[in-house]
Amino acid sequence: MRITVLSVLTFIWALPAGADGFQTVKDRGTFLSLVQDRDLTRSGISLQVSPSGQISGRALGRDVTGAWRWSNGYFCRELFWGSRNLGPNCQMVKANGKSLRFISDQGKGIHADFKLD
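Worth saying up front: this structure is predicted, and the values here are computed from it rather than measured. Residue indices begin from 1 for each chain and proceed along its sequence in written order. Selection of residues for local features in this predicted model requires a pLDDT of at least 70, selection of side-chain atom pairs for listing and counting requires 80 or more, and totals for whole chains, interfaces and linings are taken over all residues. Excluding hydrogens and water, the side-chain values take into account all heavy atoms of the structure.

Disulfides are defined as cysteine sulfur pairs within 2.5 Å. Throughout the structure, instances matching the rule amount to one disulfide. Here Cys76 is linked by a disulfide to Cys90, with a sulfur-sulfur distance of 2.0 Å. In this structure, the disulfide formed by Cys76 and Cys90 twists by about 115° around the S-S bond and is classed as right-handed. With Cys76 in strand E6 (residues 74-81) and Cys90 in strand E7 (residues 84-95), the pair connects residues that are 14 residues apart, well separated along the chain. The secondary structure listing takes helices from DSSP runs of H or I that are at least 4 residues long and strands from runs of E that are at least 2 residues long, numbered from the N terminus.

A few words now on the nonpolar core. What we call a nonpolar core is a set of buried Ala, Val, Leu, Ile, Met, Phe, Trp, Tyr and Cys residues that are connected through their side-chain atoms within 4.5 Å. Three labels apply to residues, based on accessible area from a 1.4 Å probe with only protein chains included: buried if under 20% of the type maximum, exposed if over 50%, partly exposed otherwise in between. Ranked by internal contacts, the top residues of the largest apolar core, which has 25 residues, are Phe31, Leu40, Trp68, Phe75, Val93, Leu100 and Phe102. Note on contacts: a residue pair is in contact if any heavy atoms of the two residues lie within 4.5 Å. Residues within four places of Phe31 in sequence aside, it is in contact with Val25, Val49, Trp68, Trp70, Phe75, Val93, Leu100 and Phe102.

It is worth spelling out the pattern of salt bridges at this point. Counted as salt bridges are all cases of a side-chain nitrogen of Lys or Arg within 4 Å of a carboxyl oxygen of Asp or Glu. The full count for this structure, using the stated rule, is two salt bridges. Residues Arg101 and Asp113 are paired through a salt bridge, measuring 2.6 Å at the closest nitrogen-oxygen approach. Of this pair, Arg101 sits in strand E8 (residues 99-103) while Asp113 sits in strand E9 (residues 111-116); the two residues are twelve residues apart in sequence, bridging distant segments of the chain.

If you check the backbone angles, Asp37 has positive phi at about 60° while not being a glycine. By secondary structure assignment, the location of Asp37 is in the loop between helix H2 (28-35) and strand E2 (40-42). The exposure class assigned to Asp37 is exposed, which follows from its relative accessible area of 76%. Of note in this structure, Asn72 is not a glycine but carries a positive phi near 50°. Examined against the element boundaries, Asn72 turns out to sit in the loop between strand E5 (62-71) and E6.

This brings us to the confidence of the model for the protein. Looking at the protein as a whole, its pLDDT mean stands at 87, while 83% of the residues score no less than 70. Below pLDDT 50 for its whole length, residues 1-19 participates in 52 contacts with residues either more than four positions away or in separate chains. The quantity known as pLDDT measures the predictor's confidence residue by residue, on a range of 0 to 100.

As structure tokens, then:
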């Protein structure tokens, strides 16, 4: 199994993929309006996603760096957790107003929920 998406340790906190209250984010502009100048946080993780296509932050004591683009309705990223290359993955994004849900493998994989701070 490939380790995916913004949360390298999603396996630890994986939840059922039922998306009650979440709506699919379908375009880059909407995504940026949600994340610009905000932190994406969950236990031990704080990330920033910039309009210029960069990802930065910390996860469980290690730096997180990477790049992202919006492609065919998906958040596509390449990510490093410390020196570990997590590789590329395109993810479905869903929002409920206070959180974003990233679902790996174009919405077919595991997911991680992040608060918008």
